[in-house]
Amino acid sequence: MNTPDDALPLLGLDQRSVRLRPYTARWAELYLIEAQAIRSALGARALDVQHVGSTAVPGMTAKPILDIAVGVATLDEFRQCIEPLAQLGYEHAHWAGLQNNEVFGKGVNRTHLVHVVQHGGPVWNDYLRFRNLLRSQPETARSYEHLKVALSLRYAENRAAYTESKHAFIRGVLDAQPT
């Protein structure tokens, strides 16, 4: 952890920077509140809403941003999500450049990232598998946490490089596990 627990808000981080904070159970509570708002806003378009990313793993040090996966029938449906999510304060981050993943950010200092992906598709499945593996394999979770801490020091002002540098670890963990 490169920032004291009380030096960061519970949620929110400048869009370029990387700061980690110790896990707090409040993240799960805040996810439930936001997931309900997302379900209400998107209605039947949201086939499922899941808390993913490091804030979804009890005990995991993480950036204070909630990652939320929203599963839709086809990725083309993301266009119908833009306005309802905007009503909740989300901006479509069309520049994010993630394949098969439409990203929406909330707040100038990002507090939430919604990933609209095809329900049951490869990205959806990877999000859930990786989260579940971290929850069930403490050694893998510790290794991932150590990597994140090291990368947060190296890329403290370059979130894109931080995120890209985690990819090989994530892919390696997923590829090593049976589906």
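Just so we're clear, the structure is a prediction, and the values are computed from it rather than from any experiment. (Residues numbered from 1 in each chain as written. Predicted model: local features only at pLDDT ≥ 70, side-chain atom pairs only at ≥ 80, totals over all residues. Heavy atoms only, no water.)

### Thoughts on the packing of helix α4 (residues 138-154) against helix α5 (residues 159-176)
Piece 1. Where α4 meets α5, the closest approach of the two axes is 10 Å, and the angle between their N-to-C directions is 165°. If you check the angle between α4 and α5, you find them roughly antiparallel. Of the two possible hands of crossing, α4 and α5 adopt the one that is right-handed. Judged by residue contacts, Thr140, Ser143, Tyr144, Leu147, Lys148, Leu151 and Ser152 of α4 engage Tyr162, Ser165, Lys166, Phe169, Ile170 and Val173 from α5.
Piece 2. Residue composition of the contact of α4 with α5, grouped by class: 7 nonpolar, 4 polar and 2 charged. (Axes fitted to C-alpha atoms, helices over the stretch in contact; angles between N-to-C directions. Helix = DSSP H or I, 4+ residues; strand = E, 2+ residues; numbered from the N terminus. Parallel < 35°, antiparallel > 145°, perpendicular 65-115°, else oblique. Left-handed = near helix turned anticlockwise from the far one by under 90°. Contact = heavy atoms within 4.5 Å. Nonpolar A, V, L, I, M, F, W, Y, C, P; charged D, E, K, R; others polar.)

### Some points on the sheet that holds strand β4 (residues 102-106)
Strands in a sheet are paired, the pairing made by backbone hydrogen bonds, and the direction either parallel or antiparallel.
Piece 1. Judged by pairing direction, the sheet is mixed, and its 5 strands sit side by side in the order β1-β2-β5-β4-β3 without closing on themselves. Pairing within the sheet leaves two strands with one partner each, and these edge strands are β1 (48-52) and β3 (90-92). Ignoring strand direction, the axes of neighbouring strands in this sheet form an average angle of 25°.
Piece 2. Where β3 and β4 come together, 3 bridges link them in antiparallel fashion. In the strand pairing of β4, Glu91 is matched with Gly105.
Piece 3. Lying on the sheet, helix α1 (residues 26-42) is in contact with β1, β2 (66-72), β3, β4 and β5 (112-118); it crosses β1 at an angle near 155°.
Piece 4. Those strands touched by helix α3 (residues 122-136) are β1, β2 and β5, and its axis lies near 45° from that of β1. (Pairing = 2+ DSSP bridges.)

### Focus: the pairing of β2
Piece 1. For β2, a buried count of 7 out of 7 residues is recorded, marking the element as mostly surrounded by other parts of the structure.
Piece 2. Of the two faces of β2, the one lined by Leu66, Ile68, Val70 and Val72 and the one lined by Asp67, Ala69 and Gly71 are each fully buried.
Piece 3. Where β1 lies against β2, 5 bridges are found, and the strand directions are antiparallel. Counterpart to Asp48 in the pairing with β2 is Gly71.
Piece 4. The sheet contact formed by β2 and β5 spans 7 bridges and is parallel. Among the inter-strand pairings, Leu66 is bridged to a residue of β5, identified as His112. (Buried < 20%, exposed > 50% of the residue type's maximum accessible area, 1.4 Å probe, protein only.)

### Describing the confidence of the model for the protein chain
Low-pLDDT stretches of the model should not have their predicted coordinates read in fine detail.
Piece 1. For the protein chain, the average pLDDT comes to 93, and 95% of its residues sit at 70 or higher.
Piece 2. Here residues 1-5 is modelled with pLDDT under 50, and outside its nearest four sequence neighbours on either side it reaches 13 contacts, counting other chains as well. (pLDDT = per-residue confidence, 0-100.)

### Digging into the packing of aromatic side chains
Piece 1. All told, the structure shown has 3 aromatic pairs when counted by the stated rule.
Piece 2. Taken together, a centroid distance of 5.1 Å and an interplanar angle of 90° make the contact between Phe130 and Tyr144 edge-to-face. Residue Phe130 is located in helix α3, and its partner Tyr144 is located in helix α4; the two are separated by 14 residues in the primary sequence. Both residues of the pair, Phe130 and Tyr144, belong to the buried class.
Piece 3. Between Tyr144 and Phe169, the ring centres sit 5.3 Å apart and the planes meet at 20°, which makes this aromatic pair stacked. Of this pair, Tyr144 sits in helix α4 while Phe169 sits in helix α5; the two residues are 25 residues apart in sequence, bridging distant segments of the chain.
Piece 4. Taken together through their ring pairs, the aromatic side chains of Phe130, Tyr144 and Phe169 make up a single cluster. (Phe/Tyr/Trp six-rings, centres within 6.5 Å; stacked < 30°, edge-to-face > 60°.)

### Observations regarding α3
Piece 1. The end-to-end C-alpha distance of α3, which contains 15 residues, comes to 21 Å, matching closely the 21 Å that a straight helix rising 1.5 Å per residue would cover.
Piece 2. Looking at the buried positions of α3, the neighbouring elements they touch are β1, β2, β5, α4 and α5. (Expected span 1.5 Å × (residues − 1).)

### Regarding the pattern of salt bridges
Piece 1. Tallied over the entire structure, the rule returns 8 salt bridges.
Piece 2. We note a salt bridge from Arg19 to Glu157, for which the minimum N-O separation is 2.3 Å. Here Arg19 is found in the segment before α1, whereas its partner Glu157 is found in the loop between α4 and α5, with 138 residues between them in sequence.
Piece 3. Overall, the relative accessible area of 53% leaves Glu157 in the exposed class.
Piece 4. The salt bridge partner of Glu29 is Arg26, with a shortest N-O separation of 2.7 Å. Note that Glu29 and Arg26 are positioned in helix α1 at a spacing of 3 residues, about one turn of the helix. (Salt bridge = Lys/Arg side-chain N within 4 Å of Asp/Glu carboxyl O.)

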